[in-house]
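Spelled out, the chains give:
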Amino acid sequence: METIQKKAENIADELALVQAAKSGDLEAFSQLVKRYDRNIFRIAQHITHNEEDAQDVVQEAFLKAYTNLEQFQGNSKFYTWLVRIAVNEALMKLRRRRADKTVSIDEDVETEDGSMPREVADWSPNPEQLYGQSELGDILKKTIQGLSPGFRTVFVLRDVEGLSTEETAEMLGLSVPAVKSRLLRARLQLRERLAKYFKSRRSGDNPR
Amino acid sequence: MKCSEFLTELTDYLDGSISTSVRVELEEHLQWCHECEVVLNTTKKTIEIYRNNQLYELPDNLRMRLQEAIIRKCKSVKNCKSPD
C-alpha cells in the first residue's frame, strides 16, 4: 500500500517531469512514458480487443500527449489526462473496426441485460486454484470481451486500473450516477458469466 | 430490505461509499439472505481476480518503437533537447 507521503512525492515528482518535458526535456517525457505505457496498453487492449490497434493507440496517445503538453494545465493528474486521450483513441479505433455498428460510451441499456443474478452457487475452491494461470487468463479475457464496450471500459478504468468514480466519469464524459450504474451492471454481468466456470461442482450437478 | 434493493446498493457497499444507516440495513439483509451473500462474495471475487491477473503484457518492441516515434516528433519541433 502506498503511504500518503509516498503518493504526494509521486505527484510532485510527476509534476516536475511534466514541467521539464514542457520545456523540451525529452528524457523527462521518456520517464513519463515508461511509467505509464503498460497501463495505457492494457486499457487500449481491453477496449479494442486487437493487439495491433492497441499498439497504435499507445503510440498515438503518447504522441498526442507530447504534442499537446502545453494544454495540460495540471488541474488533474497527468495520468488521468493521458488515459482520457488513450480512451478516445481506442474508442475511435473500435468504431472504425465496426463501421457497421455504432459504438458509444453512453449507450443506455435499459433492457434485460443479464445483470440480474441467476447463478447463486458459491465459488469454491478458489478459482485461482481450479485453473492454471494461462487457462484462467483465457477465461478472464473471453468473459470481459463479452461485455459491451461501454460497460467494459468503465470496469477496466474503475476496477482494473483503480481510477476513482469521479475520474472515470470525467474521462468518459458521463455523470457519476451513470458510471455507478454501468459499473454495477458490468460487475454483475462478469460475475454471472464467470460463475459458469467457477461455481462449486457438487456431484448432483454433474450430468452423466 | 429486499434483494433488489440490496443489488442497487451493492456497488456503493463494495466501494465503501455508503452511509452508515444503509450499511446496517444491508448487513442485516445478509444475515438471513444466503443468495445475496453469495452474490456479494462472488462479485468481490470477480473484481479481485481481474485486478490480480493482469491479462495483457506490453509487447517487447512497443516501448522502443514508441521511443523512436517520440524522438522523431521531438526533432520536428524547435526546442527539442534530445540527447543526440
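Numbers given for residues are sequential positions, taken from 1 along each chain in its written order. Labels are handed out in written order, letters beginning with A for the chains and numbers beginning with 1 for the ligands. Totals for whole chains, interfaces and linings use all residues, but because this is a predicted model, local features are given only for residues with pLDDT of at least 70 and pairs of side-chain atoms are given and counted only at 80 or more.

1. Examining the overall build of chain A
Line of reasoning, step 1. Runs of H or I in DSSP of at least four residues are treated as helices and runs of E of at least two as strands, each being numbered from the N terminus. Of the regular secondary structure elements, chain A holds nine helices and zero strands.
Line of reasoning, step 2. Beginning at the N terminus, the succession of helices and strands in chain A can be written as α-α-α-α-α-α-α-α-α.
Line of reasoning, step 3. Every one of the 208 residues in chain A was classed for burial, and the buried ones make up 38%. Put plainly, a residue is buried at 20 or more neighbouring C-beta atoms within 10 Å of its own, exposed at 12 or fewer, and partly exposed in between, counting only other residues' C-beta atoms, which are placed from the backbone.

2. Comments concerning the overall build of chain B
Line of reasoning, step 1. Summing up its helical and strand segments, chain B has four helices and zero strands in all.
Line of reasoning, step 2. The helix and strand sequence of chain B, counted from the amino end, reads α-α-α-α.
Line of reasoning, step 3. The atom set for the radius of gyration is the C-alpha atoms, and the globule formula is 2.2 Å times the number of residues raised to the power 0.38. Its C-alpha radius of gyration of 24 Å places chain B more than 25% over the 12 Å reference for a compact globule of 84 residues.
Line of reasoning, step 4. Taken over the C-alpha atoms alone, chain B extends approximately 70 × 25 × 20 Å along its principal axes.
Line of reasoning, step 5. Relative to its 84 residues, chain B shows a buried fraction of 14%.

3. Observations concerning unusual backbone geometry
Line of reasoning, step 1. Positive phi is not limited to glycine here, since H49(A) has a value of about 60 degrees.
Line of reasoning, step 2. H49(A) gets classed as partly exposed once you count the C-beta atoms within 10 Å, which come to 17.

4. Focus: the interface of chain B and chain A
Line of reasoning, step 1. Residue pairs are scored as contacts if the distance between their C-beta atoms, which are placed from the backbone, is within 7 Å. The interface is formed by 34 residues belonging to chain B together with 40 residues belonging to chain A.
Line of reasoning, step 2. Polar here means any residue outside two lists: the nonpolar Ala, Val, Leu, Ile, Met, Phe, Trp, Tyr, Cys and Pro, and the charged Asp, Glu, Lys and Arg; Gly therefore counts as polar. Split into classes, the residues belonging to the side of chain B that touches chain A amount to 18 nonpolar, nine polar and seven charged.

5. Structural notes on the domain arrangement of chain A
Residues and elements named next belong to chain A.
Line of reasoning, step 1. All domain edges in this entry derive from an automatic or database-based domain assignment. Once the domains are mapped, chain A shows domain 1 (4-97) and domain 2 (127-205).
Line of reasoning, step 2. For domain 1 versus domain 2, the separation of C-alpha centres amounts to 24 Å.
Line of reasoning, step 3. Where the side of domain 1 that touches domain 2 is concerned, the elements lending two or more residues are α2 (26-48) and α4 (78-97).
Line of reasoning, step 4. It is α4 that contributes the most residues to the side of domain 1 that touches domain 2, five residues altogether.
Line of reasoning, step 5. Residues belonging to the side of domain 1 that touches domain 2 are distributed by class as follows: five nonpolar, four polar and one charged.

6. So, the nonpolar core
All names here are of chain A.
Line of reasoning, step 1. Think of a nonpolar core as buried Ala, Val, Leu, Ile, Met, Phe, Trp, Tyr and Cys residues, each tied to the set through C-beta atoms within 7 Å. A44 and A86 are the most contacted members of the largest nonpolar core, which totals 57 residues.
Line of reasoning, step 2. Residue assignment places this core across two domains, with domain 1 (4-97) and domain 2 (127-205) each supplying three or more.
Line of reasoning, step 3. For A86, the contacting residues outside a window of four places in its chain are I40, I43, A44, V57 and A61.

7. Overview of the packing of α2(A) against helix α3 (residues 51-67) of chain A
Residue and element names in this part refer to chain A.
Line of reasoning, step 1. Fitting a line to C-alpha atoms yields each axis, with helices limited to the stretch in contact; the angle taken between N-to-C directions then spans 0 to 180 degrees. Closest axis-to-axis distance for the α2/α3 pair is 8 Å, and the angle between their directions is 140 degrees. One element, α2, and the other, α3, form an angle in the oblique class. The two elements α2 and α3 cross, and the hand of that crossing is right-handed. In this structure, α2 uses F29, V33, D37, I40, F41, A44, Q45 and T48 to contact α3, whose residues at the interface are E51, D53, A54, V57, V58, A61, F62 and Y66.
Line of reasoning, step 2. Here the residues of the contact of α2 with α3 sort into eleven nonpolar, two polar and three charged. Any angle from 65 to 115 degrees is called roughly perpendicular, while one under 35 is roughly parallel, one over 145 is roughly antiparallel, and all others are oblique. The hand of a helix crossing depends on one turn: near helix anticlockwise from the far one by less than a right angle means left-handed, and clockwise means right-handed.

8. Remarks on the packing of helix α7 (residues 149-160) of chain A against helix α9 (residues 176-198) of chain A
Packed helix pairs are characterised by how far apart their axes lie and by the angle those axes make with each other.
Residues and elements named next belong to chain A.
Line of reasoning, step 1. Relative orientation of the contacting elements α7 and α9 amounts to 95 degrees, with a least axis distance of 8 Å. Classified by the angle between their axes, α7 and α9 sit roughly perpendicular to one another. Listed contacts from α9 to G150, F151, R152, V154, F155 and R158 of α7 are V179, R182, L183, R185, A186, R187, Q189 and L190.

9. Quick word on the environment of Y56(B)
Line of reasoning, step 1. Take Y56(B): it is sitting in the loop between α3 (34-52) and α4 (62-75).
Line of reasoning, step 2. Residue class for Y56(B) comes out partly exposed when judged on the 16 C-beta atoms lying within 10 Å of it.
Line of reasoning, step 3. For the pair formed by Y56(B) and Q67(B), sequence separation is eleven residues and the distance between their alpha carbons is 20 Å.
Line of reasoning, step 4. Every residue in contact with Y56(B), bar those within four places of it in the chain, is listed here: F41(A), R42(A) and Q45(A).

10. Quick look at the confidence of the model for chain B
Note that predicted coordinates carrying low pLDDT should not be read in detail.
Line of reasoning, step 1. As a per-residue measure, pLDDT reflects the predictor's confidence and takes values from 0 up to 100. Confidence along chain B averages 89 in pLDDT terms, with 92% of residues attaining 70 or more.
Line of reasoning, step 2. Interface confidence in the predicted complex, given as ipTM, is 0.88; pTM for the same model is 0.86.

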